[in-house]
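Chain by chain, the residues run as shown.
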Amino acid sequence: MDALHLVLNAVTVIFIAATMFAAGLRATVPALRGVFADIPLLLLALIANMVVIPLLGWGIGELFGLPSTSFIALVLIASSPGGPFGAKLAAVQQGDVVAGAAMQVLLASLGSLSFAPTVNAILTAADLGTEVSLDVGALVRTVALLQLVPFAIGLLVRRYAEPAAQSWHPTAAAVSNVTFLVVLAGMLLGNWRDVVELFGSLALLAGFLLAGFAFALGTLLATGPTTRRTTMGGVASVRNAGPALAAIGLAFADQPAVLGALAAILLSGMAAALPIATLLSRRRGVPETAATR
């Protein structure tokens with residue numbers, strides 16, 4: 001299983017880098033300027049992802065009376081915005097990929113700073129009282145290396161060598177698609193016992209509802225055309241597992257119960273978000289295979 005996890009981690013890195021590189025190849029500086037100049041969009045996205053969704057995770061956990069391990073996992077996921085699957089969901093739904101990728105990187109960067117204080121505040125208010133302390137510098141460097149750098153390289157290629165960008169994009173998109181499927185399969189294969197053990201509990205339903213409501217909140221708390229707003233919904237629905245995994249290792253000594261709950265909640269969240277994105281693609285008259293190119 002350790003070998004499987006090593007392979008899955010390597011494929012995940014390739015998936016993130018390829019997805020962000022492909023998004024950069026489709027981006028332009030004016031398009032990015034339009035995203036970051038839209039102050040209402042930025043403010044609403046920050047409020048949704050860094051305030052409302054963490055509170056939503058807390059509320060769902062309390063409402064369902066989740067055991068402490070599942071409650072902690074749910075709060076960790078809800079408090080960590082900017083998951084790398086956000087850019088992929090933008091492509092799947094044929095949404096605003098440039099805006100989705102740019103917002104994903106911004107949220108992941110800011111989330112690296114806000115994650116620990118947010119989790120500590122919620123766990124203290126919930127009377128769990130566990131302190132979470134993370135290496136913020138390491139989290140920011142990881143976001144920069146895996147998300148920002150590939151996106152910036154793709155953007156530079158698009159700006160200064162557009163024929164090359166058009167030529168390379170299909171290959172980058174194909175790598176992103178293949179590794180995306182491998183990551184999903186690997187998550188299921190590597191964590192199926194954890195998911196099965198939580199059958200009959202409310203943890204899986206909590207993760208599913210968190211992602212579904214986050215998709216709706218991200219869409220409602222956005223500006224612009226429908227494609228951009230649903231893209232913001234997709235970005236909001238998938239959270240960043242990196243800080244959550246780091247917190248489990250440092251603050252919870254890699255407790256198997258918390259790790260298992262985290263994996264199950266991540267998978268149930270994807271089970272909610274991916275069908276929504278696929279349905280949006282079909283309603284827009286774009287075949288699913290084309291939407292992921």
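Scroll up for the structure.
Residues numbered from 1 in each chain as written. Predicted model: local features only at pLDDT ≥ 70, side-chain atom pairs only at ≥ 80, totals over all residues. Heavy atoms only, no water.

## Concerning the overall build of the chain
Across its full length, the chain holds 13 helices and 0 strands. Start at the N end of the chain and walk to the C end: the helices and strands fall as α-α-α-α-α-α-α-α-α-α-α-α-α. By principal-axis analysis of the C-alpha atoms, the chain measures approximately 55 × 45 × 40 Å. In the chain, which comprises 293 residues, the proportion classed as buried is 52%. Of the contacts formed within the chain by residues at least 6 apart in sequence, a portion of 83% connects residues at least 24 apart. Accessible area of the chain: about 12500 Å², with a carbon and sulfur share of 70%. Here the chain contributes 14 positive and 12 negative side-chain charges, whose respective centroids are spaced 18 Å apart. (Helix = DSSP H or I, 4+ residues; strand = E, 2+ residues; numbered from the N terminus. Buried < 20%, exposed > 50% of the residue type's maximum accessible area, 1.4 Å probe, protein only. Contact = heavy atoms within 4.5 Å. Areas by Shrake-Rupley, 256 points an atom, 1.4 Å probe, with all protein chains shown as cover. Lys, Arg positive; Asp, Glu negative; His and termini not counted. Charge placed at Lys NZ, Arg CZ, Asp CG, Glu CD.)

## With respect to the nonpolar core
Leu 74, Leu 76, Leu 123 and Leu 210 are the most contacted members of the largest nonpolar core, which has 33 residues in total. Ranked by residue count, the leading element in this core is helix H4 (residues 68–78), at 8 residues. Beyond its immediate sequence surroundings of up to four residues, Leu 210 is in contact with Ile 53, Leu 56, Gly 57, Ile 60, Leu 74, Ile 77 and Ala 78. The next biggest cluster of nonpolar side chains, apart from the first, holds 31 residues, and it includes Ala 90, Ala 91, Val 98 and Val 238. (Core = buried A, V, L, I, M, F, W, Y, C linked by side-chain atoms within 4.5 Å.)

## Some remarks on the packing of aromatic side chains
For the coordinates displayed, the defined rule picks out 1 aromatic pair. A centroid spacing of 5.0 Å and a plane angle of 35 degrees characterise the contact between Phe 15 and Phe 85, whose relative ring orientation is tilted. With Phe 15 in helix H1 (residues 2–26) and Phe 85 in helix H5 (residues 85–92), the pair connects residues that are 70 residues apart, well separated along the chain. By the burial criterion, Phe 15 is buried, and Phe 85 matches it. (Phe/Tyr/Trp six-rings, centres within 6.5 Å; stacked < 30°, edge-to-face > 60°.)

## As for the packing of H5 against helix H10 (residues 226–237)
In contact at an axis separation of 8 Å, H5 and H10 are set at 145 degrees when each is read in the N-to-C sense. Considering only the axes of H5 and H10, their crossing is right-handed. For the pair H5 and H10, contact is made by Gly 86, Leu 89 and Ala 90 and by Thr 231, Gly 234, Val 235 and Ser 237, respectively. (Axes fitted to C-alpha atoms, helices over the stretch in contact; angles between N-to-C directions. Left-handed = near helix turned anticlockwise from the far one by under 90°.)

## Considering empty space enclosed by the protein
Which parts of space are left empty comes out when a probe the size of a water molecule is rolled across the atoms. Taken as a whole, this structure holds 2 cavities of 30 Å³ or more when the rule is applied. Residue lining of the second largest cavity: Leu 44, Ala 45, Ala 48, Asn 49, Gly 218, Leu 221, Ala 222, Met 232 and Ala 236, and that is the complete set. For the lining of the second largest cavity, the secondary-structure elements that each account for two or more residues are helix H3 (39–64) and H10. Considering every element that reaches the lining of the second largest cavity, the biggest residue donor is H3, with 4 residues. Among the residues forming the lining of the second largest cavity, the class breakdown is 7 nonpolar, 2 polar and no charged. (1 Å grid on protein atoms, 1.4 Å probe; cavity = no way out; pocket = protein on both sides within 12 Å on 5 of 7 lines; lining within 4 Å. Points joined across faces, edges and corners; volume = space filled by probe spheres on them. Nonpolar A, V, L, I, M, F, W, Y, C, P; charged D, E, K, R; others polar.)

## Side note on unusual backbone geometry
Look at Gln 94: it is not a glycine, yet its phi comes out positive at around 55 degrees. As for its placement among the helices and strands, Gln 94 is situated in the loop between H5 and helix H6 (97–125). With relative accessibility at 32%, the residue Gln 94 sits in the partly exposed group.

## Details of the pattern of salt bridges
Going through the model one piece at a time under the given rule, you end up with 2 salt bridges. A salt bridge links Asp 96 to Arg 228; the nearest nitrogen and oxygen atoms lie 3.0 Å apart. With Asp 96 in the loop between H5 and H6 and Arg 228 in helix H10, this residue pair connects regions lying 132 residues apart in the sequence. The exposure class of Arg 228 is buried, given its relative accessible area of 15%. Two residues, Arg 158 and Glu 162, come together in a salt bridge whose shortest N-O distance is 3.9 Å. Among the residues examined, Arg 158 registers a relative accessible area of 22% and is labelled partly exposed. (Salt bridge = Lys/Arg side-chain N within 4 Å of Asp/Glu carboxyl O.)

## A word on H4
Among the 11 residues in H4, 9 count as buried, and that is most of the element. Residues of H4 that are buried include every one of Ser 70, Phe 71, Ile 72, Ala 73, Leu 74, Val 75, Leu 76, Ile 77 and Ala 78, and no others. Here the buried face of H4 lies against H3, H6, helix H9 (203–220), helix H11 (241–251) and helix H12 (256–283).

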